[in-house]
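Overview (structure and organization)
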Amino acid sequence: MSTLRIRHGRVIDPTNARGEVLREVGVRDGRFATLAPGEPVDQEIDAAGCVVMAGGIDMHTHIGGGKVNLARVLMGEDHRDGFAPWPLPTNALELASCGSCTPGTLATGYRYVEMGYTAAFEPAMVPANARHAHMEMGDVPVLDHGAYVMLGNDELFLQMLAEGGADARNFALIRDYVAWTIHATKAMGVKVVNPGGISAFKFNQRKLDLDELHTHWQVTPRRVVHTLARALKELGVPHPLHIHGCNLGVAGNIATTLETIGALEGLPAHLTHVQFHAYGTEGPKKFSSAALQLAEAVNANPQVSIDIGQVMFGQTVTASGDTMRQHAQSGLANPRKWIGADIELDAGCGVVPFRYREQSFVNALQWVIGLELFLLVCNPWQVVLTTDHPNGGPFTSYPHLIRLLMDKGFRDEQLAKLHPEVAANCALKGMTRELTLEEIAVMTRAAPAKLLGLRDRGHLGDGAAADLAIYREDADRERMFTAPEYVFKDGVQVARAGRITALPVGGTHFVEPGFDDAIEKVLSRHARRHGTLDVGHAVIGHDELCACCNGGRLLPTACFDASVSPAERRAAPKPAGIPSGDRPTDPSGEGQS
Ligand SMILES: [Zn+2]
Ligand SMILES: [Zn+2]
């Protein structure tokens, strides 16, 4: 049994209380607990002058899977001595691992933990590559992790959608397919990227707007989005559909983004990296901020949440499943090289290096739009702080971003360095809102936990996992959030004043929605005719997941009560802790051919 008492700290715990509370925080055996007064403890910390928060949770950061590795391969210069913004690690605990926009797995863990983050989620896991994604995240020390599996551009989904017709006659089958894919890949949710568009690109279409027809399957992105959002709602998956919409980065895409919210017809959803989807066509350069319109839509739709994908200036690399849009942007690659790739026609992949410049009109406006969105959405529980690492910039820039949001004077100073037309004319100039510490705590831990359905994370209530960060109060918020005094993961001290002190293995979050296993017959038939993988081999069992993840704990998240009756679904969810070998047998008995 181990105990920890943190005294005299200003506790900011938006899930359980409003504002700051001066109270003691107790930990017993890795969980928050109320300790008896005077109870002797193993460790006591005097947190006078400090702020105590739950550990940070990044719910959209590309840290595992094929794209990230391709980005590392492409960006060799990011891994040379001297290129990285920090010196090579001198901490005895840290094995050498470097890179700034494409850090290695070890550096990814170190840099997050040093900032007080304790969990991170990979948003774009390709089903056929799920094992790799889990292994790579398992190699990231300390952080708990999970991934959203990509659906909506795979051949079988589009074929079923086409066969079902406009009245979705085969919806139950599609829902089972969605659930099976989550089960097989041990995902935490589903991300749709350029709905139907990645597939359309393979049929030579170069754009696909929300109501445009995919030339081969004759379905629209609107139907892709609605079908997936409805399936997840009915399956009771806590994290709603994670949407990377059509027309990423295209001037005037605000119309599509607003219509995408409309296409949901009230279903819950999370719109990701919305900064890249909030562009108007006003002004002499036909490129303008549509942050106000998007913020108004988010304010009017409480079932919709967003993360920003803030752009930060400097060198980075963009890694996206959106092959169509990355192909379109590849001419802007800096340095001039890029990668497009695919596995099993499951989804897509494009890796394009990028350097965001303050004196570029477009880049300066992108920076402005992201900040405007943060400041215009009223309810912080609908907004998650991200740079879409590494797409808008590396996650290590979060402390700088927090200062921009909390300090109007600092924001104005930075704004003055930008392209003069942007600096002079943007609405951001007149915005006086400064986010509070409580709002930052919501956007960086409490809201992500809630949006993912993690009831025992992101807060300091009794029984929650004792993931926490203690920040020394500092008027310079960038300095404050760069190196917390202490970071604890499951009650174990993992960092002290910006230095790693222990490297426990992180756990894996996933969900297990129920489905009718008759779907496996459909999958086997499709795989035999069109694929190279055997469906029986696609399913990652619990033992294997644990092995993939370096022996880290399995953290299944309960689904909400699904809105379809068990009879309708026939098969009950498989209980947690089931040994591996829970692979579907090929109902046809033919196996791979
Ligand atoms: Zn995306
Ligand atoms: Zn992303």
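For the structure given in this document, a descriptive report is provided here.

Parameters at a glance
Residues numbered from 1 in each chain as written. Chains lettered and ligands numbered in written order. Predicted model: local features only at pLDDT ≥ 70, side-chain atom pairs only at ≥ 80, totals over all residues. Heavy atoms only, no water. 1 Å grid on protein atoms, 1.4 Å probe; cavity = no way out; pocket = protein on both sides within 12 Å on 5 of 7 lines; lining within 4 Å. Points joined across faces, edges and corners; volume = space filled by probe spheres on them. Helix = DSSP H or I, 4+ residues; strand = E, 2+ residues; numbered from the N terminus. Nonpolar A, V, L, I, M, F, W, Y, C, P; charged D, E, K, R; others polar. Donors = N, O, S within 2.8 Å, 3.2 Å for Na, K, Ca; no water. Pairing = 2+ DSSP bridges. Contact = heavy atoms within 4.5 Å. Axes fitted to C-alpha atoms, helices over the stretch in contact; angles between N-to-C directions. Buried < 20%, exposed > 50% of the residue type's maximum accessible area, 1.4 Å probe, protein only.

Glancing now at the layout of surface pockets. Within this model, the second largest pocket holds a volume of roughly 650 Å³. Around the second largest pocket, the lining comprises 30 residues; the ones closest to its centre are E344, D346, H526, A527 and L533. Of all the secondary-structure elements, those providing two or more residues to the lining of the second largest pocket are α3 (130-138), α4 (155-164), α5 (171-185), α17 (519-530) and α18 (535-538). Here the element with the most residues in the lining of the second largest pocket is α5; it accounts for five residues. Here the residues of the lining of the second largest pocket are counted per class, giving 16 nonpolar, eight polar and six charged.

So, on to the coordination of the zinc ion (ligand 1). Taken together, the protein ligands of the zinc ion (ligand 1) are K191 (NZ), H244 (ND1) and H273 (NE2), with distances of 2.1 to 2.3 Å. On the primary sequence, the residues serving as donors to the zinc ion (ligand 1) are separated as K-x52-H-x28-H.

Taken together, seven strands build an open sheet; the order of strands is β3-β2-β7-β21-β22-β23-β24 and the sheet is mixed. Two strands in the sheet have a free side with no partner beyond their single neighbour: β3 (20-22) and β24 (499-500). Sheet topology places strand β22 (residues 486-489) next to strand β23 (residues 492-496); four bridges connect them, and they run antiparallel. Paired with F488 across the two strands is Q493, which belongs to β23. Sheet strands touched by helix α15 (residues 437-452): β2 (10-12), β7 (50-54) and β21 (468-472). Its angle to β7, the strand with the most contacts, is close to 30°.

In this structure, G370 sits in helix α11 (residues 361-376). Looking at G370, the relative accessible area reads 0%, which means it is buried. Sequence separation between G370 and G66 is 304 residues, and the spatial gap between their C-alpha atoms is 27 Å.

By the secondary structure assignment, H277 is in the loop between β13 (269-271) and β14 (279-280). On the accessibility criterion, H277 (3% relative accessible area) is buried.

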